[in-house]
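# An overview of the molecular structure
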Amino acid sequence: MEVKGKNVFVTGSTRGIGLAIARQFAGLGANVVLNGRSAISEELLDAFKDYGVQVIGISGDVSSNQDAKRMVDEAIAALGSVDILINNAGITKDGMALRMTEDDFNSVLQINLTGTFNMTQAVLKPMTKAREGAIINVSSVVGLMGNAGQANYAASKAGVIGFTKSIAREVAARNVRVNVIAPGFIESDMTAGLSDKIKDAMMGQIPMKRFGQAEEVAKVAVFLASQEYLTGQVIAIDGGLTMQ
């Protein structure tokens, strides 16, 4: 699929990896829907003007099935279609399982996993009808290997992988491709606030001895969106952390 001229909906795209993905697609000539729970600021929309593509903001809660359908309907009404969906929205509420509350567990699954289901379901009918589309779900290496203190997050991200493979099988014959990106340690506001000792310990686990960049994850998203014969796969971009 040539991404130029396509319409891309990126959930959780006001900052971090989601924003980097939105910028990467816009830079290649795709129209973009920016999304977050709160209203998308005019300042953020203005930052995309130089790309020369259509960029709109649609706010809503991906954990609500009704909201997900509304957001997709609004995107289709404004742009004509949603050709590529990037399910990036996610939260963390870390804590050891012995002390984790039921709400902390459920709320993470509701956004990260149920939100992915809700948005995917909302685009499946128009994509399968058009017999073209790409869905890219952002998981995590934590969903592949687990992590102490993140049982809820790991469960949600592992669930995204299983969900992706199932949907990929359901819609492959309709030329809708569904894949997963599993980022490792990516530089962010969170990693910037870590002590040098913790950073060194994290980097010690990474064969490439550095954190990844959000822009590097964005390039993988574009690659997956453009490949015509690639579906049901998990691409770990993690500096070799999970190599087998």
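Figured I'd write up the structure that's included with this text. (Residues numbered from 1 in each chain as written. Predicted model: local features only at pLDDT ≥ 70, side-chain atom pairs only at ≥ 80, totals over all residues. Heavy atoms only, no water.)

### A word on the overall build of the protein
When you go through the protein residue by residue, the secondary structure sums to 9 helices and 7 strands. At 17 Å, the protein has a C-alpha radius of gyration in line with the 18 Å of a compact globule built from 244 residues. The 244 residues of the protein split such that 48% are buried. Taking the contacts inside the protein whose residues are at least 6 apart along the sequence as the reference set, 70% of them involve residues at least 24 apart. When the accessible surface of the protein is summed, it comes to about 11,900 Å², and 51% of that surface belongs to carbon and sulfur atoms. Distance from the positive charge centre (23 side chains) to the negative charge centre (24 side chains) of the protein: 6 Å. (Helix = DSSP H or I, 4+ residues; strand = E, 2+ residues; numbered from the N terminus. Rg over C-alpha atoms; globule rule 2.2 N^0.38 Å. Buried < 20%, exposed > 50% of the residue type's maximum accessible area, 1.4 Å probe, protein only. Contact = heavy atoms within 4.5 Å. Areas by Shrake-Rupley, 256 points an atom, 1.4 Å probe, with all protein chains shown as cover. Lys, Arg positive; Asp, Glu negative; His and termini not counted. Charge placed at Lys NZ, Arg CZ, Asp CG, Glu CD.)

### So, the packing of helix H4 (residues 102-130) against helix H6 (residues 151-171)
H6 packs onto H4 with a crossing angle of 15° between their chain directions and a minimal axis gap of 8 Å. Here H6 runs roughly parallel to H4, going by the angle between their axes. Where H4 crosses over H6, the two elements pack in a sense that is right-handed. Here Asp104, Phe105, Val108, Leu109, Asn112, Leu113, Thr116, Phe117, Thr120, Leu124 and Thr128 of H4 lie close against H6, whose contacting residues are Ala151, Asn152, Tyr153, Ala155, Ser156, Lys157, Gly159, Val160, Phe163, Ile167 and Val171. (Axes fitted to C-alpha atoms, helices over the stretch in contact; angles between N-to-C directions. Parallel < 35°, antiparallel > 145°, perpendicular 65-115°, else oblique. Left-handed = near helix turned anticlockwise from the far one by under 90°.)

### Focus: the environment of Leu28
Residue position: Leu28 is located in the loop between helix H1 (16-27) and strand S2 (31-36). For Leu28, a relative accessible area of 38% translates into the label partly exposed. C-alpha of Leu28 to C-alpha of Glu42: the two residues are 14 residues apart in sequence and 22 Å apart in space. Residue contacts for Leu28: discarding those within four places in its chain leaves Val3, Lys4 and Val222.

### What to know about the pairing of strand S4 (residues 84-87)
Burial of the side chains of S4 extends over both faces: Ile84 and Ile86 are buried on one face and Leu85 and Asn87 on the other. Both strand S1 (residues 7-10) and S4 contribute to a ladder of 3 bridges, which runs parallel. Paired with Val8 across the bridge in S4 is Ile84. Sheet analysis places S4 next to strand S5 (residues 133-138), joined by 4 bridges and oriented parallel. In the sheet register, Leu85 faces S5, and the bridge partner there is Ile135. On the question of chirality, the crossover connecting S4 to the parallel S5 by way of H4 is right-handed. (Pairing = 2+ DSSP bridges. Right-handed = clockwise from strand over helix to strand, strands pointing away.)

### Comments concerning H6
With 21 residues, H6 ought to run about 30 Å at 1.5 Å a step, and its terminal C-alpha atoms sit 30 Å apart, in line with that. Listed in full, the buried residues belonging to H6 are Asn152, Tyr153, Ala154, Ser156, Lys157, Val160, Ile161, Phe163, Thr164, Ile167, Ala168 and Val171. Tucked into the core, H6 has its buried residues touching H4, S5, helix H5 (142-145), strand S6 (176-183) and strand S7 (234-237). (Expected span 1.5 Å × (residues − 1).)

### Describing the sheet that holds S6
Sheet architecture is open: 7 strands sit in the order S3-S2-S1-S4-S5-S6-S7, paired in parallel fashion. Unpaired on one side and paired on the other, strand S3 (55-59) and S7 mark the two borders of the sheet. The average undirected angle you get between the axes of adjacent strands in this sheet is 20°. Its contacts with the sheet place H6 against S5, S6 and S7, and it is angled at close to 160° to S6. Against the sheet, helix H9 (residues 214-226) engages S4, S5, S6 and S7, with an angle of about 165° to S6.

### A short note on the environment of Ala172
Along the chain, Ala172 falls in the loop between H6 and S6. What makes Ala172 partly exposed here is its relative accessible area of 40%. Note: C-alpha distance between Ala172 and Thr128 (44 residues apart in sequence) is 9.3 Å.

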